[in-house]
Every structure is written in structure tokens, then in C-alpha cells.
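Take a look at the letters that make up each chain.
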Amino acid sequence: MIRRFGFKAAILAAALAFSTPVFAQPLPILRVGMAAQDVGRLDPHFAVSTIDRVVVAWMFNGLVRFKPGSIDPAEIEPDLAQSWERSDDGLTWTFHLRPNVAFHGNYGMVTADDVVFSLKKSSTAATSAFAADFAAFETIEAVDPMTVRIKLRNPVPSLLGILTNYAGGYIVSRRAVEERGAGFVRSPIGTGPFMLDHVTPNQSAELVAHEGYFRGKPLLGGISYRFIPSDASRDLAFQAGELDVNYGRADQTWVNRTRQLPNVTVDVFEPGELTELSLNITRPPFNDIRVRQALAHAVNRAEFVRWRGADVSREGQSVVPRGYLGFINDPGLLPHDINRAKALLAEAGYPNGLTIRVIHTQLPEMLSGMQVLQQQLRRAGITLDLNIVEHATFHQQIRQDLSPMVYYSAARFPVADIFLTQFFHSRSIVQTPTAVTNFSHCDKADAQIDGARVATDLVEQRRLWAEAQRIIVREVCAVPVIETLLVFGRRNNVDYGYELNGSMSLGPLITEKTRLR
Amino acid sequence: MLGFVLRRLLAAIPTLLAVLTLVFVIVRVVPGDPALVILGDQATPEATAAVRERLGLDRPLLVQYFDFLGSALQGDFGNSLVTNRPILSEVRAVLPHTVDLTLASMVIGVAIGVPVGIWAALNRNGVIDVMARLLSLIGLSFPVFVSGVFLLLAFGLHWRLFPVIGSADLNDPLDRLHKLVLPAMTLGLLMAAYITRVTRSAMLQSLGEDYMRTARAKGVPRRRVVWVHGLRNAALPIVTVVGLYVGILLGNSVLTEIVFNRPGLGKIIVGALNQRDYPMLQGLLVIYCFLIVIVNLITDLLYGVIDPRVKAA
């Protein structure tokens, strides 16, 4: 009996030994620390804050995409569309979808119906923050289940730009949006390499790998996107090895300190956020061009760069950020010259200088810049009386035209048209029905901006954009100050899978090739 | 006792109604448009108007007010403008973290503050008293974002005893406790500093009373004189301070929550304010006020336990 039992036990043991599966090592989780209190809206068409933009880029695709690590529109490549053609007049575009692209979960494959639905959603003001980008769209239709045709009312400077993996270009699952309704903002369904598992409020968004991703199974098991508003705590956590990637401050001291940490790399990348001073040219004192010129002469861009740091910033060279399609580096900016500034002020009737009451935000990075500016202008006799308000209040009040000068930082899609239209076209003047962010009330270059938008000849288009920049600078509608780049730290074992020179999502793009070595 | 509790609860009803109204008004008086926050800085007036309409913010204020009041009285505070999740479920998700931190800080504060305060009072102007006063002054002078970072540097980075960040798993008591230690120490030490001073002052007053001299003259042991006769009579101001402090901690531990990256009521109140999430802000403030009412009620009940004359009155 004992012998029979022993025999059975031996067989059982052998069977177990041979049948025990070899468990695969779970794929690692990338831990990303972000300077934010919480994630907001994960419906990509409402992802307007940096924290939201960064994460939706990991979960969604567009018809086309920027090459990972680049923000060069010339390097836009196929994404959900595998090819496309345009009509000779540039008004009709036909996109052929990549077959067998799976949505997250059990939401099936991407069809033309999803693409049409997504683009219509993006172009509707009630369902998208980016509807204005689609103003030129006349029709969006599904030709067949894998073909989408877009007809435009007029040519746009970069149709592909609107359809990239950025802002309104993301494709969502129609069924998921319809099923989840308003809940889609926190339970989004896309096609990207990672999908949302859950959000712990005020803590983190946990993403898991989308195993059916059309470019291949991700090399990471997931991403833990952690919201850590305190810079000190986030830096300590990074230092303690609790984070793999850390949002950095665009500040030379931070960069130098972080570079000294062992096994850490600091990535500084595009797009640069251009800070400009918009001067309301319709009201005193800036309705006198001599006062505007005096202020422009008083601004010391080199000093701004020394303050912020040469690795993370550069002087503003035009009213359009550097590297944008159509940017020129010689628009005729007035040089820093305190004596000239004082003379112009005296000529304008302010021999003893003047005081300007300006509304500004309490957001630390913007407030410190304004304080530097305040000191610079004081040397020329211009006193800024700052009315510091909370950030949301700042945005509301500057749109109510309550500040004669607005210190504003922005990055946009890298084509001159967007910046020029939103900041310097009369259609965008604040307190008008079509307002965006034209705080200066500038209308001097409308003809050039409009002309460039519909120009079919690229050389002519660039000439018109260049002319617009020269006019705006000559009229001193705005004074470009500084461009600040994006900064992230990462542990050396993080391999993004591409060279990070730029990211339109304002954070490192985590792709299927990103891995932890 | 039941009558006392009922009287207090009835008295809280007009307070809560006033709070509901005030909160509604204050939230709307604050400048900043939720639609603009949702749409970002490229929003056009047309898009802003569309979002305001979708959120019901274009309706007359009175309609919005009665809608809010009616729902709130039924315990429904609506959904967040940001997450579209029910506000009560958002609060439920963070409330345990806030309660943990508040209670742990209170325990640390009382456990350190009361004995040290008594000890200092018993050694008035002696070395112990001077040291207690000095340390409590230092404790009060350090803001939590400084003391918290110091604790993180020492215990999180240098000795690696505790994590720098990380949310506790509410289903794992050990993990919950582990991640509570540093934040509770940060707030608890601050509270202890305050309680030490109040206890010392109350005890000094109590020690000088006639009944204390009588007790000592009757030969009551010193320990009993101090802990029973002295402390019981000094307890009212201490309980008052602890009650006040607990109320403050419930909503104002936001700095500690930020430094240690903990979820909590304070943090979501600040987030809702930044995002101009009106329903969330309204709901949170009402819930916060309700918690304060409860804390005050408990404090009042404790008065009755400590001093029966209060109950009789």
C-alpha cells in the first residue's frame, strides 16, 4: 500500500514538474512624475492642459503623426491612414485607412465611420476644444469602410497638421463615445500603444499595454503616470528611484543639479514656448507707437536668457516661435537700448517715465518672468504696477481686455499661420465674437495672414508670412521676449526608442518601442 | 444626553442651509470661467458659449440655485465638471485618507502635547519648561512644507525607511500605516507644539486654584492631584483647541497632502477651485461644513463629559 502510494506520488510529482508552466517575467511599468494635482479630461478633444496632452498621446493615434521625437511638419508620416492623396486645388483629400487597427478593449477595428465621427466631433464646438481648427472643413465622409474623404472650403496651410496625433486630430471609437457619453472623459477608448486602466484621483493614472497595438506589442507592461504637484517631492522621489521619468523645470539650476545625479539624463526639447508682451495699440499709453517702441527698447532678451538658463531657453527672435514653418529670424526687432527708450518716452510726453497697471497671473513660472521684466522696464522709467490674480482669473480678465499689456506664453502647431492668426489677426481680437488671443488689437497684417493661408505656392506663402512678421514687429503690436523649451529628466535605463528632440504632446512620447533596460 | 445631541443637530440645520447658500454665491462670485478652463487658451467665444450651455451654466442663477439646493437636500451634489464622476464618489475615494491623517495627527499631537505641557507646567521656569517652550516655538515656526521636506530627506531619501511618494492601498492596513507615518508626524508635531502651549497655560492656571491646594493639604497623592484634579479642570481649553484643530486639519492639510503626495479633501478643494469645478467645489464645501458641525458636536459632547455643569446648562 505504502509502495503503491509512493509510486503514485512519484508519478504525480513528475507530472507536476513537467506540467508547471514557465511563467513569463511581467513587463516593467514605467513610472512618470508630472507636476500636476490631477489629470483632467482624457477625451483627447478636450485635452488642453499639459498634463492631459501628455497622457492622451500615449493612448490615441491620428490619421497621420509626427515622427516620434520630432515636431517638424515635414516629417509627418502615416499613422492610422496608410496613404492619402489630394486634389490639384488642395481642397479634396482622400485618406486610405490601415487595415486591422484595433481599438482598446472590445471595441473592434477602426473604420471610416470612426474617423468621420471623430473628425466631426473635433469640429463641433460643444464636443471639442479644437473646433476652430476645423473651420475650413466643408464635408467629412466615408467613401467606403476604409476610405475617408475631406472637402475643404478653402485651402489651409497644413491640413495634415490638423490631422496629426495632436489636439483635434486624434481618432476615438464611435461606439465607446456613444456608449459612455459624458463618462468618456475619464474612460477613453483609443488605438494607442497604452490604454487606461484606472485613475486614482489626485494620485495617478494607470495605463496598461495594448497588446493588440497595430505596430506591435509594447515593450512596457504599462505606465504609472503620477501627479506630484510639489517640485521638491517630485525631485526627491526621482532621486530616490521611485520615478523613471520626471517633469523638469525650465531652469538652469534645476538642469545642472539633475545632471549631477548618477545615471540620469536631462532631455531638453521642442516646442519652445514663446513669451511675448502684447501691447494694446488702441488705448493709451500704447496707442502711441513711441511708447511701444520705448518698451521694446527697454526689454533685454539676453538678460532673460541668462536668468532662465542657456540650456533651456533662447531669445525670442520674432513674433512666431523659432522653427515654425514660416518663421524668420530677421523681422527687425528693436535692440535693447535704455537711452533710446528714455528719449522715446520723453518725446511721447513722459519725460519722467510712466506707470502702467498690468494684470498678471500668480503662476510662479510666469510671475517670476514678469518680475524680471518689471526690473528691466524700471531702468527705462516704465513702472509696472502688477495686479496679481489667480490663474483662471487672469485668463478671464485679459480676455475682457482689462490689461493694456499682456505677458503671455504659448506654443502652437508649428506653422506660422496659427500664431499669426490667433495673436495678430483682427478676427481674433479679444471681446469680439470670434476672439482668440489677440490682446494687442493688432490688425496691421490681416491681408498678409489671409493671403498666406490660401496661397497655393509655398514660396509666396512664406513671403507673406515673413511680411506679416515684419509688419507686426515694426508696428510693435507685441514684443517677443524669450522661448522656453521643455525639460524632462529620465533614468539612463529608460530608452524611449527614438531620439527625443521634440514632442507636440509637450511630454515624452511613450511608444511601443519604449523600454526599461 | 439624547436631547442634548438632538438640540445640537437641529441647531446645525440653519447653519448648513446658510452654508449651502453662501457656497453657491461665493463660488460664482469668484472670477474665472469654467468653460474657459475646460477649453483652454485657444477657446473662441462661440465654443465657450456652447460649453456653458452644455454644462447648464447659461441658465438663470436662481434656477441654478434652486436646482443645487433641491439636489443637495437629497444628498446629491451632482457630477464633477472635470471628471463627470459623482461628487460623492470622488469624496468617498479620498475621505479615508483625510480621516487617517487627521486622526493620526491628533493622536500624535495629544500624546506628545498633553504630557509635555503638564510636565512644563509642573516645572515652571525650570529647564524642562524652557526646553518645552522653545521646542514648541520651533515646531510652530516651521511650515509643513519645510518640516515635511526635511522628514522626506531624512527618512525617505537618506535612510530609505519610508517612500517619498505613493498612495496607500486602503485595503492593506500595514501599507496604509507605513505611508501615514511621515505625514502624520509632520502635522502631529505641529499640533503637539500648539497643544503643549495650551496645556501648559491651562495647567498653570489650574495648579494655582484653591481646590488644588486643598487637595494637596488633604494629603491626596501628587499624581492624583495633577492628573485628576488638575488635568480635568484644565481639559476644557485643551479639548477646545483639539476640536478646532481637527476641524482645521480636515480641510487645510492640503500642504501636507501636496508634499507627501497624498490624496485628501484639501487637495481636491484646491483642484476644484483651480478648475472652477463649481459642483465639486459646492459639494466639497458643504461636506466639509458638515464634518465641522460633527466635530463641534463631538467637542460639545466632550465638554458635557468633562464638566457636567455644561450638560446641565
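For clarity, every value in this text was computed on a predicted model and none was experimentally measured.

**A short note on the overall build of chain B**
- Scanning chain B for helices and strands turns up 15 helices and zero strands.
- Taking the principal axes of its C-alpha atoms as reference, chain B extends roughly 85 × 55 × 35 Å.
- Here chain B holds 313 residues, and 41% of them are scored as buried.
- Counted over contacts in chain B with a minimum sequence separation of 6, partners at least 24 positions apart contribute 71%.

**So, the overall build of chain A**
- Assigned secondary structure in chain A consists of 15 helices and 19 strands.
- Radius of gyration (C-alpha) of chain A: 26 Å, near the 24 Å computed for a compact globule of 517 residues.
- Taking the principal axes of the C-alpha coordinates as reference, chain A spans close to 115 × 55 × 35 Å.
- Looking at the 517 residues of chain A, the share that counts as buried comes to 54%.
- Put simply, of all contacts in chain A between residues at least 6 apart along the chain, 70% involve residues at least 24 apart.

**A word on the UniProt feature "transmembrane region" (unreviewed entry) in chain B**
Residues and elements named next belong to chain B.
- Mapped onto the present numbering, the UniProt feature "transmembrane region" (unreviewed entry) falls on residues 9-30, 101-122, 134-157, 177-196, 234-255 and 285-306.
- The span residues 9-30 carries 95% helix and 0% strand; its end-to-end C-alpha distance comes to 31 Å.
- This span, residues 134-157, is 92% helix and 0% strand, and a straight line between its end C-alpha atoms measures 28 Å.

**Topic: the sheet that holds strand β5 (residues 92-97) of chain A**
All names here are of chain A.
- If you trace the four strands from one edge of the open sheet to the other, you get β4-β5-β7-β6, paired in antiparallel fashion. Of all strands in the sheet, those bounded by a partner on one side alone are β4 (81-86) and β6 (137-144). Shown here is a sheet whose adjacent strand axes are inclined to one another by a mean of 20°, direction ignored.
- Two strands pair when backbone bridges link them, and β5 and strand β7 (residues 147-152) are joined in this way by five bridges, in the antiparallel orientation. Bridge pairing links F95 to V148 in β7.
- Packed on one face of the sheet, helix α3 (residues 112-122) meets β5, β6 and β7 and runs near 170° to β6.

**Quick notes on the interface of chain B and chain A**
- Contacts between the two partners involve 46 residues from chain B, matched on the other side by 44 residues from chain A.
- Of all the elements in the fold, those that place two or more residues in the side of chain B that touches chain A are α2 (34-39), α3 (45-55), α5 (87-122), α7 (144-158), α12 (254-259) and α13 (265-275) of chain B.
- Class assignment of the residues belonging to the side of chain B that touches chain A gives a composition of 26 nonpolar, twelve polar and eight charged.

**Examining the domain arrangement of chain A**
All names here are of chain A.
- For chain A, the assigned domains read domain 1 (29-190 + 501-516) and domain 2 (270-485).
- Once you take the C-alpha centre of each, domain 1 and domain 2 turn out to be 31 Å apart.
- Opposite the 13 residues of domain 1 that make contact, domain 2 presents eleven residues.

**Things to note about the pairing of strand β9 (residues 204-209) of chain A**
All names here are of chain A.
- Bridge count between strand β8 (residues 194-200) and β9: six bridges; the pairing is antiparallel. When the bridges of β9 are listed, T200 appears paired with S204.
- In this structure, the hairpin formed by β8 and β9 is closed by a connection of three residues, where N202 is found at a positive phi of approximately 65°.
- Here five bridges tie β9 to strand β10 (residues 222-227), and the two strands are oriented antiparallel to one another. Of the residues in β10, the one forming a bridge with S204 is R226.

**Points about the confidence of the model for chain B**
Residue and element names in this part refer to chain B.
- For chain B, per-residue confidence averages 87 on the pLDDT scale, and residues scoring 70 or more make up 97% of the total.
- Here helix α15 (residues 308-312) stands out as the least confident element of chain B, with mean pLDDT 67; helix α9 (residues 181-207) is the most confident, with 93.
- Both scores are given for the predicted complex: the pTM is 0.88, the ipTM 0.84.

**Topic: the pairing of β6 of chain A**
Residue and element names in this part refer to chain A.
- Sheet analysis places β6 next to β7, joined by six bridges and oriented antiparallel. Paired with E141 across the two strands is R149, which belongs to β7.
- Following β6, the chain reverses through two residues before pairing antiparallel with β7.

**What about helix α9 (residues 301-308) of chain A?**
Residues and elements named next belong to chain A.
- Among the residues of α9, those classed as buried are R301, F304, V305 and R308. For α9, the arc enclosing every buried residue in end-on projection is 95°, short of the 170-degree limit, so these residues lie on one face.
- For α9, the elements touching its buried residues are α7 (252-259), β13 (313-315), α11 (364-379) and β17 (478-491).
- G309 sits one or two residues past α9 and shows a positive phi near 125°.

**Considerations on helix α14 (residues 446-454) of chain A**
Residues and elements named next belong to chain A.
- Of all the residues in α14, the buried ones are Q448, I449, A452 and R453. Angularly, the buried residues of α14 cover 135° about the axis, an arc narrow enough to put them on a single face.
- On its buried face, α14 sits against α13 (416-424) and α15 (458-474).

**Digging into the packing of helix α8 (residues 289-298) of chain A against helix α10 (residues 338-347) of chain A**
All names here are of chain A.
- At their nearest, the axes of α8 and α10 sit 8 Å apart, and the two run at 165° to each other. Taken together, the axis directions place α8 and α10 in an arrangement best described as roughly antiparallel. Crossing of α8 against α10: the hand is left-handed. Judged by residue contacts, R290, V291, Q293, A294, H297 and A298 of α8 engage I338, R340, A341, L344, L345 and E347 from α10.
- Split into classes, the residues belonging to the contact of α8 with α10 amount to seven nonpolar, two polar and three charged.

**A short note on the nonpolar core**
- Grouped together as the largest cluster of nonpolar side chains are 234 residues, with contacts concentrated most on L295, L420 and I472 of chain A.
- Broken down by element, the residue count for this core peaks at 13 residues, all from α9 of chain B.
- In this view, L420 of chain A contacts V320, H425, A445, I449, W465 and A468 of chain A; residues no more than four positions away in its chain are not counted.

**Brief notes about the packing of helix α1 (residues 2-29) of chain B against helix α4 (residues 61-73) of chain B**
Residue and element names in this part refer to chain B.
- One can describe the packing of α1 onto α4 by two numbers: an axis separation of 11 Å at closest approach and a directional angle of 135°. Relative to α4, α1 is oriented oblique. The two elements α1 and α4 meet at a crossing, and its hand is right-handed. Residues L20, F24 and R28 of α1 form the contact with α4, whose participating residues are L61, Y65, F68, L69 and A72.
- Residues that form the contact of α1 with α4 fall into these classes: seven nonpolar, no polar and one charged.

Here is what the cut-offs are and how they apply
All residue numbers refer to position in the chain's written sequence, counted from 1. The order in which chains are written sets their letters, starting at A; the order in which ligands are written sets their numbers, starting at 1. Residues qualify for local features only when their pLDDT is at least 70, as the model is predicted, and side-chain atom pairs are given and counted only at 80 or more; totals for whole chains, interfaces and linings, by contrast, use all residues. Counting from the N terminus, the helices are DSSP H or I runs at least four residues long and the strands are E runs at least two residues long. Buried residues are those with 20 or more other C-beta atoms within 10 Å of their own C-beta, exposed residues have 12 or fewer, and partly exposed residues lie in between; C-beta atoms are placed from the backbone. Residue pairs are scored as contacts if the distance between their C-beta atoms, which are placed from the backbone, is within 7 Å. Only the C-alpha atoms count toward the radius of gyration. The rule for a globule is 2.2 Å times the residue count to the power 0.38. UniProt positions are given in the numbering used here, feature names are shortened, and annotations may be inferred rather than shown by experiment. Any two strands between which DSSP finds at least two bridges are classified as paired. For helices, the fitted axis covers only the stretch in contact; all axes are lines through C-alpha atoms, and the angles between them, taken along N-to-C directions, range from 0 to 180 degrees. Under this grouping Gly is polar, as are all residues other than the nonpolar Ala, Val, Leu, Ile, Met, Phe, Trp, Tyr, Cys and Pro and the charged Asp, Glu, Lys and Arg. Each domain's extent is set by a domain assignment, obtained either automatically or from a database. The quantity called pLDDT is the predictor's confidence in a given residue, expressed from 0 to 100. Regarding the arc, it is the one traced by the directions from the helix axis to the C-beta atoms. For this classification, under 35 degrees means roughly parallel, over 145 means roughly antiparallel, 65 to 115 means roughly perpendicular, and everything else is oblique. Note: crossing handedness is left-handed where the near helix turns anticlockwise from the far helix by less than a right angle, and right-handed where it turns clockwise. Any set of buried Ala, Val, Leu, Ile, Met, Phe, Trp, Tyr and Cys residues joined through C-beta atoms within 7 Å is what this text calls a nonpolar core.

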